[in-house]
Number of protein chains: 2
Amino acid sequence: MALKTRFTEMFGIEHPIVQGGMQWVGRAELVAAVANAGGLGFITALTQPTPEKLTEEIARCRTLTDKPFGVNLTILPAIKLPPYAEYRQAIIEAGIKIVETAGNKPIEHVEEFKKHGIKVIHKCTSVRHGLSAERMGVDAISIDGFECAGHPGEDDVPGLILIPAAADKIKIPMIASGGFGDARGLVAALALGAEGINMGTRFMATVESPIHPNIKQQIVDNDERATELIFRTMHNTSRVAKNLISTQVVAMEREGAKFEDVRELVAGTRGRNVYEVGDNDAGIWSAGQIQGLIHDIPTCAELIHRIVREAEEIIHARLDRMAGARQTVAA
Amino acid sequence: MALKTRFTEMFGIEHPIVQGGMQWVGRAELVAAVANAGGLGFITALTQPTPEKLTEEIARCRTLTDKPFGVNLTILPAIKLPPYAEYRQAIIEAGIKIVETAGNKPIEHVEEFKKHGIKVIHKCTSVRHGLSAERMGVDAISIDGFECAGHPGEDDVPGLILIPAAADKIKIPMIASGGFGDARGLVAALALGAEGINMGTRFMATVESPIHPNIKQQIVDNDERATELIFRTMHNTSRVAKNLISTQVVAMEREGAKFEDVRELVAGTRGRNVYEVGDNDAGIWSAGQIQGLIHDIPTCAELIHRIVREAEEIIHARLDRMAGARQTVAA
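As the structure is a prediction and not an experimental result, all values here were calculated from the model.

**Topic: the overall build of chain A**
Turning to step 1, where the next piece is worked out: Secondary structure assignment for chain A yields 14 helices and 11 strands.
Turning to step 2, where the next piece is worked out: Here chain A has a C-alpha radius of gyration of 19 Å; the compact-globule value for 331 residues is 20 Å, and the two agree.
Turning to step 3, where the next piece is worked out: Projecting the C-alpha coordinates of chain A onto the three principal axes gives extents of approximately 65 × 45 × 40 Å.
Turning to step 4, where the next piece is worked out: When each of the 331 residues of chain A is scored for burial, the buried share is 53%.
Turning to step 5, where the next piece is worked out: In chain A, the share of contacts with a sequence separation of at least 24, taken over all contacts with a separation of at least 6, comes to 62%.

**Let's talk about the sheet that holds strand E6 (residues 140-144) of chain A**
All names here are of chain A.
Turning to step 1, where the next piece is worked out: Strands sit in the order E1-E2-E3-E4-E5-E6-E7-E8 around a closed barrel of 8 strands; the barrel is parallel. Across the sheet, the axes of successive neighbouring strands diverge by a mean angle of 25°, strand direction being ignored.
Turning to step 2, where the next piece is worked out: Relative to strand E2 (residues 40-44), strand E1 (residues 17-19) runs parallel, the two being bridged by 2 bridges. Following the sheet pairing, Gln-19 is matched in E2 by Gly-41.

**Side note on the domain arrangement of chain A**
Residue and element names in this part refer to chain A.
Turning to step 1, where the next piece is worked out: As assigned here, chain A comprises domain 1 (7-204) and domain 2 (213-289).
Turning to step 2, where the next piece is worked out: If you look at the interface, domain 1 gives 14 residues, while domain 2 gives 13 residues.
Turning to step 3, where the next piece is worked out: Its residues placed into classes, the side of domain 1 that touches domain 2 shows 6 nonpolar, 6 polar and 2 charged.

**Digging into the interface of chain B and chain A**
Turning to step 1, where the next piece is worked out: Taken together, the contact pairs 46 residues of chain B with 46 residues of chain A.
Turning to step 2, where the next piece is worked out: Going through the elements one at a time, helix H7 (159-167), helix H8 (183-192), helix H14 (300-323) and strand E11 (326-330) of chain B are the ones with two or more residues in the side of chain B that touches chain A.
Turning to step 3, where the next piece is worked out: In terms of residues, the side of chain B that touches chain A owes the most to one element, H14 of chain B, which gives 8 residues.
Turning to step 4, where the next piece is worked out: Residues belonging to the side of chain B that touches chain A are distributed by class as follows: 25 nonpolar, 11 polar and 10 charged.

**Structural notes on unusual backbone geometry**
Residues and elements named next belong to chain B.
Turning to step 1, where the next piece is worked out: Of note in the backbone geometry, Asp-156 takes a positive phi value of approximately 60° without being a glycine.
Turning to step 2, where the next piece is worked out: Locating Asp-156 in the fold gives a position in the loop between strand E6 (140-144) and H7.
Turning to step 3, where the next piece is worked out: The exposure class assigned to Asp-156 is buried, which follows from the 22 C-beta atoms found within 10 Å.
Turning to step 4, where the next piece is worked out: Positive phi values are uncommon outside glycine, yet Phe-231 reaches one of about 60°.
Turning to step 5, where the next piece is worked out: Considering the arrangement of structural elements, one finds Phe-231 in the loop between strand E9 (227-230) and strand E10 (238-241).
Turning to step 6, where the next piece is worked out: Residue class for Phe-231 comes out partly exposed when judged on the 19 C-beta atoms lying within 10 Å of it.

**Some words on helix H4 (residues 84-93) of chain B**
Residues and elements named next belong to chain B.
Turning to step 1, where the next piece is worked out: Of the positions making up H4, those classed as buried are Tyr-87, Arg-88, Ala-90 and Ile-91. Seen from one end, H4 has its buried residues packed into an arc of 160°, which puts them on one side. The outward face of H4, more than 90 degrees from its buried face, is lined by the exposed residues Ala-85 and Glu-93.
Turning to step 2, where the next piece is worked out: Looking at the buried side of H4, the elements it contacts are helix H3 (51-64), strand E3 (70-75), strand E4 (98-103) and helix H5 (107-115).
Turning to step 3, where the next piece is worked out: Positive phi appears at Gly-95, one or two residues downstream of H4, with a value of about 80°.

**Thoughts on the relation of the copies chain B and chain A**
Turning to step 1, where the next piece is worked out: When chain B is brought onto chain A, the operation consists of a screw motion whose angular component is 180° and whose axial shift is 0.0 Å, with 0.0 Å RMSD remaining. Such a combination of rotation and displacement between the chain copies is what one expects of a two-fold axis. For chain B, the smallest separation between a C-alpha atom and the rotation axis is recorded for Ala-188 of chain B, amounting to 2.0 Å.
Turning to step 2, where the next piece is worked out: When you check the interface residues of chain B against chain A, 100% turn up at the interface there too, and the contact is symmetric in its surfaces.

**As for the environment of Met-322 of chain B**
Turning to step 1, where the next piece is worked out: Mapping Met-322 of chain B onto the fold places it in helix H14.
Turning to step 2, where the next piece is worked out: Note on Met-322 of chain B: 21 C-beta atoms within 10 Å, which makes it buried.
Turning to step 3, where the next piece is worked out: When residues no more than four places from it in sequence are discounted, the contact partners of Met-322 of chain B are Leu-3, Lys-4, Thr-5 and Leu-190 of chain A.

**A few points about the environment of Ile-172 of chain A**
Residues and elements named next belong to chain A.
Turning to step 1, where the next piece is worked out: Note that Ile-172 resides in the loop between helix H7 (159-167) and strand E7 (174-177).
Turning to step 2, where the next piece is worked out: By C-beta crowding, Ile-172 is classed as partly exposed, having 18 other C-beta atoms within 10 Å.
Turning to step 3, where the next piece is worked out: For the pair Ile-172 and Glu-134, spaced 38 residues apart in the sequence, the C-alpha separation amounts to 7.2 Å.
Turning to step 4, where the next piece is worked out: For Ile-172, the contacting residues outside a window of four places in its chain are Glu-134, Asp-139, Ala-140 and Ile-141.

**What about the packing of helix H11 (residues 244-254) of chain A against helix H12 (residues 259-267) of chain A?**
Residues and elements named next belong to chain A.
Turning to step 1, where the next piece is worked out: Close contact between H11 and H12 brings their axes to 10 Å; oriented N to C, the two are set at 170°. One element, H11, and the other, H12, form an angle in the roughly antiparallel class. Residues Gln-248, Val-249, Met-252 and Glu-253 of H11 form the contact with H12, whose participating residues are Asp-261, Val-262, Leu-265 and Val-266.
Turning to step 2, where the next piece is worked out: Broken down by class, the residue content of the contact of H11 with H12 amounts to 5 nonpolar, 1 polar and 2 charged.

**Quick look at the confidence of the model for chain A**
Turning to step 1, where the next piece is worked out: A residue-level look at chain A finds 98% of positions with pLDDT of 70 or above and a mean pLDDT of 95.
Turning to step 2, where the next piece is worked out: Interface confidence for the predicted complex, given as ipTM, is 0.96, next to a pTM of 0.96.

**A word on the environment of Glu-111 of chain B**
All names here are of chain B.
Turning to step 1, where the next piece is worked out: Within the fold, Glu-111 resides in helix H5.
Turning to step 2, where the next piece is worked out: Since 12 C-beta atoms lie within 10 Å of it, Glu-111 is described here as exposed.
Turning to step 3, where the next piece is worked out: Along the backbone, Glu-111 and Met-136 are 25 residues apart, and their C-alpha atoms lie at a distance of 7.8 Å.

**A look at the packing of helix H2 (residues 28-36) of chain B against H3 of chain B**
All names here are of chain B.
Turning to step 1, where the next piece is worked out: The contact between H2 and H3 brings their axes to 9 Å, and the two run at 40°. With respect to each other, H2 and H3 are oriented oblique. Note that H2 runs across H3; the crossing there is right-handed. In this structure, H2 uses Ala-28, Glu-29, Val-31 and Ala-32 to contact H3, whose residues at the interface are Glu-57, Arg-60, Cys-61 and Leu-64.
Turning to step 2, where the next piece is worked out: The class makeup of the residues in the contact of H2 with H3 is 5 nonpolar, no polar and 3 charged.

Calculation rules
Residue positions within a chain follow its written sequence, with the count starting from 1. Naming scheme: in the order in which they are written, chains are lettered from A and ligands are numbered from 1. A pLDDT threshold of at least 70 governs which residues receive local features in this predicted model, and a stricter bar of 80 or more applies before side-chain atom pairs are shown or counted, although totals over entire chains, interfaces and linings include all residues. The helix count covers DSSP runs of H or I at least four residues long, the strand count covers runs of E at least two residues long, and both are numbered beginning at the N terminus. What the globule rule says is 2.2 Å times the number of residues to the power 0.38, and the radius of gyration is computed from C-alpha atoms. Any residue surrounded by 20 or more other C-beta atoms within 10 Å of its C-beta is treated as buried, while 12 or fewer makes it exposed and the intermediate range makes it partly exposed; C-beta atoms here are placed from the backbone. For every residue pair, C-beta atoms are placed from the backbone, and the pair is scored as a contact if these atoms sit within 7 Å. Two strands pair if DSSP finds at least two bridges between them. Axes here refer to lines fitted to C-alpha atoms; in helices the fit is confined to the stretch in contact. Angles between the N-to-C directions go from 0 to 180 degrees. Note: domain ranges come from an automatic or database domain assignment. Any residue outside Ala, Val, Leu, Ile, Met, Phe, Trp, Tyr, Cys, Pro, Asp, Glu, Lys and Arg is labelled polar, Gly included; the first ten of those are nonpolar and the last four are charged. This arc is built from the directions going out from the helix axis to the C-beta atoms. For the least-squares superposition of copies, only C-alpha atoms count, and only for residues with pLDDT at least 70 in both. By definition in this entry, angles of less than 35 degrees are roughly parallel, angles greater than 145 are roughly antiparallel, angles of 65 to 115 are roughly perpendicular, and the rest are oblique. The pLDDT value expresses, per residue, how confident the predictor is, ranging between 0 and 100. Note on convention: the crossing is left-handed when the near helix lies turned anticlockwise from the far helix by less than a right angle, right-handed when the turn is clockwise.

Here you go:
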C-alpha cells in the first residue's frame, strides 16, 4: 500500500502526506508519530522559546523516530522579531535535512539552508509567490488555499483553482495545503496537479497531537462553517476557530475599530490556555474549514494508513470504474 | 471515450458535464451545442422576456438538436417578481423533461414539475439547503462552491470542503459547481464524491456562446484574482468580473454606502451592453475564479471531448501510476 509521487521520491518518504508547521502543535511526539507512519512531519521552530530549546526538541524527536522529519521556520511580521538567524543556525547544526519555510521574504534563509544541502519546501498562498520561491531555488512548493487554517493571504483563491493554476506555471513538485483531511481530498489534489497534501487541522485532532482533549473534541464537533477570518482589515488575514473572542474581533473590525483596540482585545486573552487548559473561548486559535470533515481522533498511523488505503480504493474502484475504458487487474 | 456515473445514467447523457443556467447566456445555440456534444445544457427561462418567448426558444433549440436538454428556473429576490408560475407552465407544456431550479424556496415549483414527470436538479450553496431539497423530492443536487460565478451564498465554503461534506449526507446524485473548467477539476469532483460537474464561466468562453467576442477574450485574459464579491453587505453576495463598476461597488460597500445608493449606481449602468456591445466596463457581469484557468475559446464539442479525454488520461495514467498496486491493461 503506497502512493508514489515526485514528492515522495524527492523526500524519501513512504506516503505523500505532510504535517506542516503549526505553532504550539508541531512538537516531537506528533512529528515522530507522523514520521513513523510514513508521512513527513515538521517541528515548528518558533514553538520553542529559544534556539537551544529547539536543538533539544530535535534531539528528542530523534529518540522517537529514525525516519526523516523536518523543521518549519515561519517568518511573520512582528513588532519584536524572534532571533531568526539563530533558530536557522540551530536547524543547520542539528543536521536537519528538510526545512519548511513560510511567510515573507525567505530568501536569506533559503540561501543559507541550500548552502548546507538542506531541501527546502516553501509554503505560499499565490501563484506569483510560488514562482518567486521557485526562482529562489527552493525544492518544492506547498500551495495553500483559502480554506486553510491560519494565513490564507488576501486573494481568497481556494485550492480547486489555486492548485491547477500553480501547476500550470510551477515546475518543481508541489503539495497542496488547506482543506485536506481525507482520501477524497488527497486524490483530488493529485488530480489537480499536486504531488501530495499538507494537513494541519486534521493532525491537530489525533491521539499524538499535544493539545488538550477538549480542543480535539471541539474540532470534531465544529462544522465547516465554524471558522472566522480575522485581521482582514489589517491585510493580515487569519482563519481561526469561531468562538467568543474571534466573533468579537470580527464584529469590532466590521464596525471599523482601530488596530490598537483589536490588538488589545486579543493580547488580553490567553491563547495558550486554549491548547493547555482546553478552554475553546480562552483566545484565538487556528482551525481550517476541513474541521467540517473531521469526525474522529485517530492515531497518526491509523489516519495516514486510512487515507492511503481509501485513496487507492477511490482510484482503483470508483474512478477506474467510471472511466471504464480499461480494466484493472490485480498485479 | 466516456465517463459513466450515476448522473449520466439518470439523465441519459453521454458525459457528466452540465452547462447550467446563466442569465443572458443560456440560449438555444449554446444549449444545443452542449447537447450535441453529449453534455447537458440548460436554457435559462428568465433570459426570455416572456413565457411565450421561452416556448419559442425551446422550439428553436429542438430544431438544433435531438438530444436531451433542460430549462433553468431561478427564483431570486426581486422587487417586481417575474411571472414564475407562467414560465413554469410554459416549461411543462413544452414537454421539457429536465429542469434546473435555483434560488430560494423552490418547493411549489418542484412539486409541480414532479407531478408532470419532470426530473429536477436543484442548485444550492450549502449542505443544509441540499438536504432540504432532497427532502422536497428533487432528483439531483448541483452543489455550488465559493469559487462560483454569481451567487455563492454567505458561507464562503469552497468545493474542496463543500462537495465531500455534502456527499457525506446527501444520498441522491450530486454534481459539483463553481470552479470547474477542465479535466483536472472533473476528476477532482469525482474523487470528492460528485457524479459530474457544472460549468458556467467556461461555457461563456466557447464559440457557440451568445456573448460578444470581446467578453470571451476578457475571460481568457483575466486571471483567478480578477473577480469581486459585490452585495456582500446586503447578504446577497454575487461574484462578478472585476471591472470599473464592480470595483466601485465594493469600495462603496466598504465605506458603508446605503443600499439605495449602490442600487442606483448599478441601475445606471448598462449591464446587457457588456454582452451585446462587448464593453467590459459597461456594467456588472458574472464570472467565476475559474477564468484563471481558461486560455482559449473552443467549440463546445472540442471543450467537452477534451475534458473527457484528458480526465481519462489523468485517471488511467497519472493516478493509476501513482497508486500502482494494480496494473491497467487495455480492455
